[in-house]
Amino acid sequence: MTIINEKFSINTKGNTDIVDITKHVQQAVYSHSLQNASVNVYVAGSTVSITNIEFEPGLLVDLPETLEKIAPAKMAYHHDETWHDGNGYAHVRASIIGNSTFVPLIDGALQLGQWQQIVLIDFDNKARTRTVYVQIVY
Ligand code: ZN
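Residues numbered from 1 in each chain as written. Predicted model: local features only at pLDDT ≥ 70, side-chain atom pairs only at ≥ 80, totals over all residues. Heavy atoms only, no water.

A. Just helix 2 (residues 57-70), in detail. With 14 residues, helix 2 should cover 20 Å at 1.5 Å per step; its first-to-last C-alpha distance of 21 Å lies within 8% of that length. Looking at where helix 2 begins, the residue whose side-chain oxygen comes 2.7 Å from the main-chain nitrogen of G58 is E56. (Helix = DSSP H or I, 4+ residues; strand = E, 2+ residues; numbered from the N terminus. Expected span 1.5 Å × (residues − 1). Polar contact = N/O pair within 3.5 Å; in protein donor to acceptor, adjacent residues only side chain to side chain.)

B. Structural detail: the coordination of the zinc ion. Within the protein, the atoms that donate to the zinc ion are H79 (NE2), D85 (OD), N87 (OD1) and H91 (NE2), at distances of 2.0 to 2.3 Å. Its four donor atoms give the zinc ion angles of 87 to 165° at the centre, a pattern that matches the irregular case. (Donors = N, O, S within 2.8 Å, 3.2 Å for Na, K, Ca; no water. Tetrahedral: all angles 85-135°; square planar, octahedral: opposite > 155°, others 65-115°.)

C. Fine view of unusual backbone geometry. In the Ramachandran plot, N15 falls in the positive-phi region, its phi being about 55° despite a non-glycine side chain. Its location among the elements puts N15 in the loop between strand 1 (3-12) and strand 2 (17-20). Residue classification places N15 among the partly exposed positions, given a relative accessible area of 47%. (Buried < 20%, exposed > 50% of the residue type's maximum accessible area, 1.4 Å probe, protein only.)

D. Structural context of helix 4 (residues 88-97). Turning to helix 4, its buried residues number three or more, namely G88, Y89, A90, H91, R93 and A94. Of the surrounding elements, those touching the buried residues of helix 4 are strand 4 (48-53), helix 2 and helix 3 (78-83). Just beyond helix 4, the residue with positive phi is G98, at close to 95°. (Contact = heavy atoms within 4.5 Å.)

E. Inspection of the nonpolar core at higher detail. Counting residues in each nonpolar core, the largest one holds 23 residues, and the members touching the most others are I21, V25 and V132. Mapped by element, the contributors of at least two residues to this core are strand 1, helix 1 (22-30), strand 3 (37-43), strand 4, strand 5 (100-106), strand 7 (117-122) and strand 8 (128-137). Once residues lying within four places of it in the same chain are set aside, the contact partners of I21 are F8, I10, V41, I50, I118, V119, L120 and V132. Listed in part, the eleven residues of the second largest apolar core include A71, Y77, Y89 and A94. (Core = buried A, V, L, I, M, F, W, Y, C linked by side-chain atoms within 4.5 Å.)

F. Broad picture of the pairing of strand 5. The alternating pattern of strand 5 places T101, V103 and L105 on a buried face and S100, F102, P104 and I106 on a face that is not buried. Note that strand 3 and strand 5 share six bridges and pair antiparallel. Paired with A37 across the strands is L105, a residue of strand 5. Note: strand 5 against strand 6 (residues 109-110), two bridges, orientation antiparallel. In the strand pairing of strand 6, L105 is matched with L110. As consecutive antiparallel partners, strand 5 and strand 6 are separated by two residues, and within that stretch D107 has a phi angle of approximately 50°, a positive value. (Pairing = 2+ DSSP bridges.)

Pasting the structure below:
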């Protein structure tokens, strides 16, 4: 078994900023000209997530609106009593969505659906720079 570690940085605006990172992941994987591998995409941080979406204008509104119902930004959170950083909702949303995704590489192609993009969602209440790790196992 061989492991290749790649990483890249993404600047975000925070406040549930959804960034399409599909091309970054493809570049990290395809630069090695592998045929078959397990590809894990992971972001470090407790107020940021990695997931999949169809990156189109409607869903880019639907997902934040849905998360606002589940973990409203203006609600009182115990986390804010601890740190007074005002981002309790960001931690809760990130925990629900998760911070990694898996994509199989089969016959030289990442197996993403035609309308499926890999996205980073930054829930924090300020602009951040995030490090995304792509771990390729074959
Ligand atoms: Zn916090």
